[in-house]
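Observations on the model geometry
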Amino acid sequence: MRRHLTVGTRARARSELVYALAILAAVALAPLAVANDYWLGVLIVSMYFALLAAAWNLLAGYTGQFSLAPAAFGMIGAYATGLLSYHYAVPPLLGIPAAVAIVGLIGLTLGRVVMRLRGPYLALTTLSFGEIMRLVVSNSINFTRGDLGLNVPGILESRVGYYYLMLAVLLAVELGLFLLLRSRAGLYLQAIRDDEVAAASRGVRIVLWKTLAFALSAAISGLAGALYAHFAQLVSPELGLLSQTGLIVSMVVIGGMGTLVGPIGGAFLVYVASEFLRNVGGYQLIVFALFVIIFARFFREGLWGLLRRAIA
Amino acid sequence: MLSLSLSLDLLVNGLIIGLFYALMAIGLSLIFGILRIVNFAHGEFYMVGAYAYTLIALAFGLSPWLTLPLAFAAGAAVGFVVERLLMRPLYAGYTSWGLMKDEYAVIVTFGLSLLLINLVDKVVGPYGYRGPSLVQVSRIALGPIMISGHRLIAAAVALLVIVAVALFIRYSFWGRQIRAVAQNRLGASLAGIDTAKASAIVFALAGGLAALAGALLSPIFNPTPDVGVFPAIKSYVIVVLGGMGSIPGSILASLMLGVLESFGAVYISYDYRDTFGLAILILFLLFRPQGLFGEREREV
């Protein structure tokens, strides 16, 4: 039984990786067609969201733990590297890894605490954690400049440079997730998602693995935030708004939860669509929220699940 | 230095705010009791009430006393529709879902919150309106302390409604049925109770109560599309503090949070007043997740 499950999961993961790489290959060629700086920027921000969505999906889709703090972790990552360079003149090349480590550590600490909780309690605690962090950042005006926003130095000259930097990071994260999910640890996570009690009864240390997944997911979000900070060169507490978390959740739910392709495809689809909708009158969040409800209610497998069934 | 009249003033104002929190928290607690989910769109019920009260009064020039029940009705209608359209799958079939109950509820109510906030933002606009006061008396002296007339009357209304709801849940026919479903859904349905109807009543009641809180507070906190976010977070804190599903616990915890915030804003930090409750929430979840009055759940 277990062997069968393992083989099936691995074969599926491999076929998903192929499609995910195909999407990224298409993205890699996009600058040839899109010369416009504005749309290049849109695609770069989409990749920031794709990283956040992939991180949230590791937790929600593969481990079954619903955190409502992904945007907050992104915000902390952005501020970590931003504050290091603003106050201590730390170069970005050191600031970005430092931000990943800081957010990972915060995730590990918070994870140790919240991973003993289940379902609604987990969502409540992470929601309040995220809101506390946002309020602290926006009220600590002397240290973070609050709602005015913090200026962050850039790292590259051209937009195309940032574009390929983000793409390379996204590719690395996606490959890393693929390797993780087909490993023993990945199977533990999915076993926890499918039945926590059964997994524990088979000797999986559920609190340990859930905590590690939470910390890893936080670290990836922190990396996304830190890269975004150096691209946008201005960070503000708005990065941690609940509506940002809403956007990330809708990318994963619409794209397809618990798949490698879904969150990435969802991130590009949702963010690019949101740029169009913004231009025709700012209906983006209404449309996505409606889609989230409809997908969660009727098409749980998301667009990718529907597509896969259409292909098969 | 704690001066007596200042502390008395802070205590009374804290208790008054606590009453409004209780209107929100009771509904949230009832929903948790009957469906074992947290409604992440609870703040938007509040927002619907605040807008219904303010806009109806402004558009038709009705007396605020007439629009108050209308706001309650608007919230109740939203709550009822939400239950019918989105909450049914939680208990009617769908057991083969891969997506577990908690996760479905979090996603759907979170999505609903996002939808309602942005819908109102588009339709009504992002700017706040000031809700009409219930009475035109600006200040009432209550012994050594002064309270705004609206605040005092609104608190009295809130208190009356809370007592009425507590009596309804405790003694009425439907109240008993709701409590039975909260204790054991299967057992209640075997005893002939219409559990779907009980859930619908709970959602309508919870929506109405949150909307009433929004309406009563609209002259103090002008309705904006995201006006419900903080009251909702406060009520999450309260239901954890008071024990999920416990109504006396929710009421007591609401009053405690109101008083704590009122003193904390003066003696600790005004800027961080909204973070006290959140910090308490995390502490409670860590050390006493069953709350003050809740029962520890065990899995068999």
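Owing to the predicted nature of the structure, the values given are computational and were not obtained by experimental measurement.

1. Some words on the packing of helix H2 (residues 42-60) of chain B against helix H8 (residues 195-217) of chain B
Residue and element names in this part refer to chain B. Look at H2 against H8: their axes get within 6 Å of each other, and the N-to-C directions meet at 50 degrees. By the angle between their axes, H2 is oblique relative to H8. Considering the relative orientation of H2 and H8, their crossing is right-handed. Of the residues in H8, those touching H2 at His42, Phe45, Tyr46, Met47, Val48, Gly49, Ala50, Ala52 and Tyr53 are Gly207, Ala210, Ala211, Leu212, Ala213, Gly214, Ala215 and Leu217.

2. Topic: the packing of helix H5 (residues 149-171) of chain B against helix H6 (residues 173-183) of chain B
Residue and element names in this part refer to chain B. At a minimum axis separation of 5 Å, H5 and H6 run at an interaxial angle of 70 degrees. By the criterion of interaxial angle, the relationship of H5 to H6 is roughly perpendicular. Facing H5, whose interface residues are Phe168, Ile169, Arg170 and Tyr171, H6 presents Gly175, Ile178 and Arg179. Grouping the constituent residues of the contact of H5 with H6 by class yields 4 nonpolar, 1 polar and 2 charged.

3. Here we look at the interface of chain A and chain B
The interface of chain A with chain B comprises 30 residues on the first partner and 35 residues on the second. When residues of the side of chain A that touches chain B are traced back to their parent elements, those giving at least two are helix H5 (119-139), helix H11 (242-255) and helix H13 (284-298) of chain A. Top contributing element to the side of chain A that touches chain B by residue count: H5 of chain A, with 12 residues. Broken down by class, the residue content of the side of chain A that touches chain B amounts to 20 nonpolar, 7 polar and 3 charged.

4. Topic: H5 of chain B
Residue and element names in this part refer to chain B. With 23 residues, H5 extends 33 Å between its outermost C-alpha atoms, agreeing within 8% with the 33 Å of an ideal straight helix rising 1.5 Å per residue. Those residues of H5 that fall on the buried side of the exposure criterion are His150, Arg151, Ala154, Ala155, Ala158, Val161, Val165 and Ile169. The inward-facing, buried residues of H5 abut helix H1 (4-35), strand E2 (145-148), H6, H8 and helix H10 (247-267).

5. Structural notes on the pairing of strand E1 (residues 139-142) of chain B
All names here are of chain B. In the sheet, E1 pairs with E2 via 4 bridges, with the strands oriented antiparallel. What sits directly across from arginine 139, in E2, is serine 148. Once E1 ends, the chain turns through 2 residues before running back antiparallel as E2, passing glycine 143 with a positive phi of about 65 degrees.

6. Digging into the confidence of the model for chain A
Across chain A, pLDDT averages 87, with 96% of residues at or above 70. A low-confidence stretch, residues 1-7 of chain A (pLDDT under 50), is modelled with 1 contact involving residues beyond four sequence positions or located in other chains.

7. Observations concerning the nonpolar core
With 200 residues, the main nonpolar core has Leu51 and Val292 of chain A together with Leu23 and Ala211 of chain B as its most contacted residues. Broken down by element, the residue count for this core peaks at 16 residues, all from H1 of chain B. Beyond its immediate chain neighbours, meaning those up to four positions away, leucine 51 of chain A contacts Val169, Leu170, Val173, Ile220, Leu223 and Ala224 of chain A.

8. Quick look at the confidence of the model for chain B
Residue and element names in this part refer to chain B. Per-residue confidence for chain B averages 85 on the pLDDT scale, and 93% of its residues sit at or above 70. Within chain B, the lowest mean pLDDT, 75, falls on E1, and the highest, 93, falls on H8. pLDDT under 50 marks residues 94-98. Its contacts with residues more than four places away, or in other chains, come to 3 contacts. What the predictor reports for the complex is a pTM of 0.86 with an ipTM of 0.82.

9. A word on helix H9 (residues 229-242) of chain B
All names here are of chain B. For H9, which comprises 14 residues, the first-to-last C-alpha distance of 20 Å matches the rise-based estimate of 20 Å (1.5 Å per residue) to within 8%. Burial within H9 is extensive, with 13 of its 14 residues counted as buried. Of the residues trailing H9, glycine 243 is marked for its positive phi of about 95 degrees.

10. Considerations on the environment of tryptophan 209 of chain A
Residues and elements named next belong to chain A. Counting through the fold element by element, tryptophan 209 comes out in helix H10 (residues 206-232). Taking the number of C-beta atoms within 10 Å as the measure of exposure, tryptophan 209 has 19 and is therefore partly exposed. Each C-alpha atom of the pair tryptophan 209 and alanine 185 lies 7.7 Å from the other, and the pair is 24 residues apart in sequence. Ignoring anything within four residues of it in the chain, the contact list for tryptophan 209 reads Ala185, Tyr188, Leu189, Ile192 and Val204.

Cut-offs used in this document
- Residues numbered from 1 in each chain as written.
- Chains lettered and ligands numbered in written order.
- Predicted model: local features only at pLDDT ≥ 70, side-chain atom pairs only at ≥ 80, totals over all residues.
- Axes fitted to C-alpha atoms, helices over the stretch in contact; angles between N-to-C directions.
- Helix = DSSP H or I, 4+ residues; strand = E, 2+ residues; numbered from the N terminus.
- Parallel < 35°, antiparallel > 145°, perpendicular 65-115°, else oblique.
- Left-handed = near helix turned anticlockwise from the far one by under 90°.
- Contact = placed C-beta atoms within 7 Å.
- Nonpolar A, V, L, I, M, F, W, Y, C, P; charged D, E, K, R; others polar.
- Expected span 1.5 Å × (residues − 1).
- Buried ≥ 20, exposed ≤ 12 C-beta atoms within 10 Å, placed from the backbone.
- Pairing = 2+ DSSP bridges.
- pLDDT = per-residue confidence, 0-100.
- Core = buried A, V, L, I, M, F, W, Y, C linked by C-beta atoms within 7 Å.

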